[in-house]
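An overview of the molecular structure
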Amino acid sequence: MRSSALVAALALATAAAAAPAFRLAEPGHRWEFPRDHHAHPGYRNEWWYVTGVVEDVADPGRRFGFQLTFFRLGIAPAAPRLDSAWAASDAVMAHLAVTDVAAGTHAFSEVVWRAMPLLGGFPPPGEPLLAWARAPAGTDGRWTLALADGVFRLSARDDAQLLGLELAARPEKPVALQGPDGLSRKSAEEGHASLYLSITRLATEGTLTSGGRTYRVRGESWLDQEIGSSELAPDQVGWDWWSLRLADGRDVMLYALRRADGEPSWRTGTLVGRDGRVRILAPGEWSVRAIGTWRSAASGAVYPSGWEITLPEEGVRATAIPLVRGSENVSQRIPGLSYWEGPVGLTGPDGVTIGVGYVELTGYTHSRLPL
């Protein structure tokens, strides 16, 4: 564990020092798929997030949330010219979480490795694998995210934590570019942005393991991929992110980056229609108000918990409530790295269910993320 933490710490420290040499996310990226689902060397950071809500096929009332994320953390813009397999340009960090709504539990696992043979990496376009990492100590095999024949395949497990998943996710909508031509600005200051794409609905099925018991599940998921080198501006400490799948077929992404005083310094959002068309939402077109808090015994962080979400022009008024309040991921590999990531249920003003979603909350432990 210490060696993994050291690799990650060195990767992040080196990346921060070398950041000016990394490419910045700028206008004019020429998107091409499936090529752009693969890694983008030269940028400092990249991540593939898949989150979803699924239900037990045998007991449709039993729901689970899941998260599988691969992070590419740039050590250097290019690997050193050394005749060694250790001459890596990236570290790979991967997070796996399963939220068991009926049991009220949230289980989390992680790995951190140097991107190199036997440990992990990001294969080039033309191969099915998008990202992979060796499983945690004590678990055979590896964690993988792959794309073949138009279907994303997720595989990960941690035998010690009694969780895992084997899922196939088939897109039901086309790629949605977040921001003009996929450039998602994070600040009014130039240079703080990412190349950002989403697939907001993927029909998802397979198996999921929670508490050591494996279930056959079916539901929907959401895939995010971001690429950049300087996402957060100097005055920003973290973000609140909402991904909402409405029962009427529309999908909403809302993103607020916060200052240290808790106030948002930048807000952006998109609405993806039933037909997959993307409409960028101006800050004045939506509002989110926290209606509660939850304190973590593990990290000491106090997170907002429950939100009133309004998009007046779209006729959306929803209350988002966490399905399990304690859905915090607390890293044992990276000191101070904790964030809340979990499924939420959506109800309308009359209390009727109108959808589901996922929420991510970062920067509440007062340790600035290395982005």
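Everything below is about the structure printed above this text.
Treat the numbers as computed from the prediction; the structure is a model and nothing was measured.

Overview of the pattern of salt bridges
In total, this model carries 22 salt bridges according to the counting rule given. Measuring nitrogen to oxygen at the nearest pair gives 3.4 Å for the salt bridge that ties R201 to E220. Note that R201 is positioned in strand 12 (residues 193-210) and E220 in strand 13 (residues 213-228), a separation of 19 residues in sequence. With relative accessibility at 11%, the residue R201 sits in the buried group. A salt bridge links E285 to R279, with the nearest nitrogen and oxygen atoms 2.9 Å apart. Relative accessible area serves as the criterion here: at 13%, E285 is assigned to the buried category. Salt bridges linked by common partners bring D248, R250, R274, R279, E285 and E314 together as one network.

Looking at the nonpolar core
Counting 46 residues, the largest nonpolar core has F66, L68, F70, W143, F152 and L154 as the members making the most contacts within it. Ranked by residue count, the leading element in this core is strand 12, at six residues. When neighbours within four sequence positions are excluded, L154 is seen to be in contact with V50, F66, L68, T144, L145, L165, E166, L167 and A169. In this structure, Y303, W307, I309 and V316 belong to the second largest nonpolar core, which totals 23 residues.

Thoughts on the pairing of strand 21 (residues 307-311)
Where burial is concerned, the two faces of strand 21 differ: the one with W307, I309 and L311 is buried and the one with E308 and T310 is not. Here five bridges tie strand 21 to strand 22 (residues 316-322), and the two strands are oriented antiparallel to one another. Among the inter-strand pairings, E308 is bridged to a residue of strand 22, identified as T319. Between strand 21 and strand 22, which pair antiparallel in sequence order, lie four residues; one of them, G315, sits at a positive phi of approximately 70°.

A closer look at the environment of A133
Here A133 shows up in strand 6 (residues 129-134). The sequence separation of A133 and F66 amounts to 67 residues, and the corresponding C-alpha distance is 18 Å. Setting aside anything within four residues of it in sequence, one finds A133 in contact with F70, V92, V111, W113, L119, G120, R142 and W143.

The rules behind the values
Residues numbered from 1 in each chain as written. Predicted model: local features only at pLDDT ≥ 70, side-chain atom pairs only at ≥ 80, totals over all residues. Heavy atoms only, no water. Salt bridge = Lys/Arg side-chain N within 4 Å of Asp/Glu carboxyl O. Helix = DSSP H or I, 4+ residues; strand = E, 2+ residues; numbered from the N terminus. Buried < 20%, exposed > 50% of the residue type's maximum accessible area, 1.4 Å probe, protein only. Core = buried A, V, L, I, M, F, W, Y, C linked by side-chain atoms within 4.5 Å. Contact = heavy atoms within 4.5 Å. Pairing = 2+ DSSP bridges.

Shape is all these values report; function is a separate question.
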